[in-house]
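The residues making up each chain are set out below.
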Amino acid sequence: MVAHGGNLHEAAQRFGIAWDAWIDLSTGINPHGYPVPPVPPSAWRRLPDDGDGFAASAARYYGAPDAQHVLPVAGSQAAIRALPALLPAGRVAIAPLTYGEYAPAFAQAGHTVAPLDIACDALPDDVIHAVIVNPNNPTAALVERGTLLRWHAQLAARGGTLIVDEAFADAYAQARAQSLADTVDRAGLVVLRSPGKFFGLAGARCGFALAQPALLAALRARLGAWTVSGPARHAVTHAFEDAAWQASMRERLAAEGARLVALLSAHGFAPQATPLYAWIADARAAQLQDALAARAVWTRRFDAPASLRFGLPASEDEWQRFETALAQAVQAIG
């Protein structure tokens, strides 16, 4: 099983600290989630209806060509697991340190997984598929749109596919400017988007696959009907249409992300960051995670390289507690 953040009950049990005493910084989910309006009773009673305009709303928000190029799915995780079986088996390039679900999904579908160098100009000749998380989770590295389009052209000429996971792109302009959502009418291109991160709606289990209609039809057939619930469609539609909230939240996250970077930098770390999370590579990552956990702060650890990812505290009280815990933890590990 792939490890993920958000496993707070495991941390509580391991360290003997009550679940509700923790500051959970182990995910990159916006802690100031969208204020969903009351769900109408019909959303609970009726089966989800593909004629409700949900895909069209997503197409407008993400800038996809039209609703035919958008498929709502039960979180982008559902698409990640299903897509590899729909693609010709071959060599797929995936960054060594990125979202951990892609490599096992492709391997289980009979593909050969190879490391991707995101600084390369041309993909190796034997690679027919590639996966890019943009911005990358956890390193925050961002690949420019021109490079992505060049890689797509190389793969498409081989009958392959480029998958671009833009789950964290919503939070800031630099990432949105590199989005390929407007180009998904091209063969061999899939873009995955998720309202769970920026809108703080991870519990809705809603995501979107953007691609040519034929591939989406195959994906729909594999996933089955009613992949996104009525209440989730209600929540996400309202979030997509609330431009004022989006603008205000982007300003807030920019300020809080900068605060997180400044705090980590003040303790001698060199963070790489998006507005929703910061990542540090440090040989003492395991010790630092444990020292923070002893003070009821949970983070996400990676092993290659040894590193930690920090999400945003949810309140000023959490910020103050985190700042104190970080200072104490850094001192404790020397």
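Above this note sits the structure.
Throughout this description, residue numbers start from 1 for each chain and increase along the sequence as written. The model is predicted, so local features are restricted to residues of pLDDT at least 70 and side-chain atom pairs to those at 80 or more, both for listing and for counting; the totals for chains, interfaces and linings are taken over all residues. Excluded from the side-chain calculations are hydrogens and water; all other atoms, namely the structure's heavy atoms, are used.

Peer 1: Please explain the side chain of Gln154 as it appears in this structure.
Peer 2: Helix and strand assignments come from DSSP, with helices taken as H or I runs of at least 4 residues and strands as E runs of at least 2, each series counted from the N terminus. Along the polypeptide, Gln154 turns up in helix 6 (residues 145-157). By the convention used here, residues are in contact when the closest approach between their heavy atoms is within 4.5 Å. Setting aside residues up to four positions removed in sequence, Gln154 forms contacts with Asp121, Ala122 and Leu123.

Peer 1: What am I meant to see in the pairing of strand 13 (residues 306-310) here?
Peer 2: Along any regular strand the residues' side chains alternate between the sheet's two faces. Throughout this description, buried means an accessible area under 20% of the type-specific maximum (1.4 Å probe, protein chains only), exposed means over 50%, and partly exposed covers the range between. The buried fraction of strand 13 amounts to four of the five residues, a majority that puts the element mostly inside the structure. With four bridges joining them, strand 10 (residues 277-281) and strand 13 adopt antiparallel strand pairing. Across the sheet, Ile280 pairs through a bridge with Leu308, a residue of strand 13. The pairing criterion for strands is at least two bridges between them, as found by DSSP. Sheet analysis places strand 12 (residues 300-303) next to strand 13, joined by four bridges and oriented antiparallel. The residue of strand 13 that forms the bridge with Arg300 is Arg309. Where strand 12 folds back on strand 13, the antiparallel hairpin that results is connected by two residues.

Peer 1: Even after reading the chapter, I still don't get the packing of helix 11 (residues 285-293) against helix 12 (residues 316-333), so can you show me in this structure?
Peer 2: Helix-helix packing is described using two parameters, namely the angle between the two axes and the distance between the axes. Inter-axis angles, ranging from 0 to 180 degrees, are taken between N-to-C directions of lines fitted to C-alpha atoms, where helices are fitted over the stretch in contact. Contact pair helix 11 / helix 12: the axes reach a minimum separation of 9 Å and the direction vectors enclose 130 degrees. By the angle between their directions, the pair helix 11 and helix 12 is classed as oblique. Crossing geometry of helix 11 relative to helix 12 is assigned as right-handed. Taken together, the residues of helix 12 that come into contact with helix 11 (itself represented by Gln287, Leu288, Ala291 and Leu292) are Ala325, Leu326, Ala329, Val330 and Ile333. Residue composition of the contact of helix 11 with helix 12, grouped by class: eight nonpolar, one polar and no charged. Angle categories: roughly parallel below 35 degrees, roughly antiparallel above 145, roughly perpendicular from 65 to 115, and oblique for all the rest. By convention, the crossing between two helices is left-handed when the near helix turns anticlockwise from the far helix through less than a right angle, and right-handed when the turn is clockwise. For this classification, the nonpolar set comprises Ala, Val, Leu, Ile, Met, Phe, Trp, Tyr, Cys and Pro, the charged set comprises Asp, Glu, Lys and Arg, and every other residue, Gly included, is treated as polar.

Peer 1: Quick question: what am I supposed to make of the sheet that holds strand 7 (residues 189-193) here?
Peer 2: Sheet strands line up and pair through hydrogen bonds in the backbone, either parallel or antiparallel. One open sheet accounts for seven strands, arranged 2-8-7-6-5-3-4; its pairing is mixed. With one partner strand each, in any of the chains shown, strand 2 (70-73) and strand 4 (112-115) form the two edges of the open sheet. Strand after strand, the sheet turns through a mean of 20 degrees between neighbouring axes, direction not considered. Inspection of the sheet shows strand 3 (residues 91-94) paired to strand 4 by four bridges, in the parallel sense. Each bridged residue has a counterpart across the sheet, and for Arg91 the counterpart in strand 4 is Thr112.

Peer 1: How should I be thinking about the pattern of salt bridges in this particular structure?
Peer 2: Once their charged atoms are close, side chains differing in charge can pair, the charge on each being opposite to the other. For salt bridges, the criterion is a side-chain nitrogen of Lys or Arg within 4 Å of an Asp or Glu carboxyl oxygen. Throughout the structure, instances matching the rule amount to 17 salt bridges. Of the charged contacts in the structure, one is a salt bridge between Asp182 and Arg145, with a shortest N-O distance of 2.9 Å. Of this pair, Asp182 sits in the loop between helix 7 (173-176) and strand 7 while Arg145 sits in helix 6, and the two are 37 residues apart along the sequence. For Asp182, a relative accessible area of 40% gives the class partly exposed. With a relative accessible area of 23%, Arg145 lands in the partly exposed category. If you follow the salt bridges from partner to partner, you end up with Asp50, Asp52, Arg220 and Arg233 in one network.

Peer 1: Explain the nonpolar core here, please?
Peer 2: We define a nonpolar core as any set of buried Ala, Val, Leu, Ile, Met, Phe, Trp, Tyr and Cys residues linked to one another through side-chain atoms lying within 4.5 Å. In this structure, Phe199, Phe208, Leu210, Leu288 and Phe310 are the most contacted members of the largest nonpolar core, which totals 72 residues. Ranked by size, the runner-up nonpolar core spans 22 residues in total, among them Leu71, Val73, Val131 and Leu192.

Peer 1: Help me out: how do you make sense of the packing of aromatic side chains in this one?
Peer 2: For any pair of aromatic rings, the description consists of the separation of the ring centres together with the inter-plane angle of the planes. Here a pair means two rings of Phe, Tyr or Trp (six-membered ring of Trp) with centres within 6.5 Å. Their orientation is stacked below 30 degrees between planes, edge-to-face above 60, and tilted elsewhere. Considering all chains together, one arrives at 19 aromatic pairs under this definition. Summarising the aromatic geometry, the rings of Tyr61 and Phe240 are spaced 4.6 Å apart at their centres and angled 15 degrees between planes, so their arrangement reads as stacked. A residue pair is termed long-range when its members are at least 10 positions apart, and Tyr61 in helix 3 (residues 54-62) and Phe240 in helix 9 (residues 230-241) qualify at 179 residues. When sorted by exposure, Tyr61 lands in the same class as Phe240, which is buried. For the ring pair Tyr62 and Phe240, a centre distance of 5.3 Å and an interplane angle of 75 degrees mean the geometry is edge-to-face. One end of the pair, Tyr62, is in helix 3; the other, Phe240, is in helix 9, and 178 residues separate them in sequence. You can call Phe240 buried: its relative accessible area is 7%.

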